Amino acid sequence: MIETLTTAIANELLRQSKDAVVEVHDVEAAEINGEFNLEELAIAILEAIREPTDAMLTAAGGLTEGETGPTQTWQAMIDAALADD
């Protein structure tokens, strides 16, 4: 998931870079010089995490009965995505 997110960020920066300089070196580094729309970047990130990974689904499915509210499910899925690096 981390690679999916970094790829989405890099792609969105490149898409917006018509008046800026963006040099993406790999999924871990980019050189940026210019102004970017952070709202569009946030949208790109949310679109990238819209489809959960298997690990995220497993984490959500492994919650106990008392932990299955929307907040706990979301947090378990995000924790699994963060661990997937």
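Look up: the structure comes first, before these words.
Residues numbered from 1 in each chain as written. Predicted model: local features only at pLDDT ≥ 70, side-chain atom pairs only at ≥ 80, totals over all residues. Heavy atoms only, no water.

A. Expanded view of helix 2 (residues 38-48). Restricting attention to buried positions, one finds in helix 2 the residues L41, A44 and A48. Down the axis, helix 2 shows its buried residues gathered within 60° of arc, on one side only. Looking at helix 2, the residues exposed on the side facing more than 90 degrees away from the buried face are E39, L46 and E47. Looking at the buried side of helix 2, the elements it contacts are helix 1 (2-16). The N-terminus of helix 2 is capped by N37, whose side-chain oxygen sits 2.8 Å from the backbone nitrogen of E39. (Buried < 20%, exposed > 50% of the residue type's maximum accessible area, 1.4 Å probe, protein only. Helix = DSSP H or I, 4+ residues; strand = E, 2+ residues; numbered from the N terminus. Arc of directions from axis to C-beta. Contact = heavy atoms within 4.5 Å. Polar contact = N/O pair within 3.5 Å; in protein donor to acceptor, adjacent residues only side chain to side chain.)

B. Main features of the packing of helix 1 against helix 2. It is at 9 Å that the axes of helix 1 and helix 2 come closest, and there the two elements cross at 145°. At the point where helix 1 passes helix 2, the crossing takes the right-handed sense. On helix 2, the residues that touch T4, L5, A8, I9, E12, R15 and Q16 of helix 1 are E40, L41, A44, I45 and A48. Its residues assigned to classes, the contact of helix 1 with helix 2 comprises 7 nonpolar, 2 polar and 3 charged. (Axes fitted to C-alpha atoms, helices over the stretch in contact; angles between N-to-C directions. Left-handed = near helix turned anticlockwise from the far one by under 90°. Nonpolar A, V, L, I, M, F, W, Y, C, P; charged D, E, K, R; others polar.)

C. The pattern of salt bridges, seen in detail. Here the structure, examined in full by the defined rule, presents 3 salt bridges. In this structure, R15 and E40 form a salt bridge, with 2.4 Å as the shortest nitrogen-oxygen distance. One end of the pair, R15, is in helix 1; the other, E40, is in helix 2, with 25 residues separating them in the sequence. With relative accessibility at 32%, the residue E40 sits in the partly exposed group. Overlapping salt bridges bring together E12, R15 and E40 as one network. (Salt bridge = Lys/Arg side-chain N within 4 Å of Asp/Glu carboxyl O.)

By themselves, these observations are geometric and do not establish any function.
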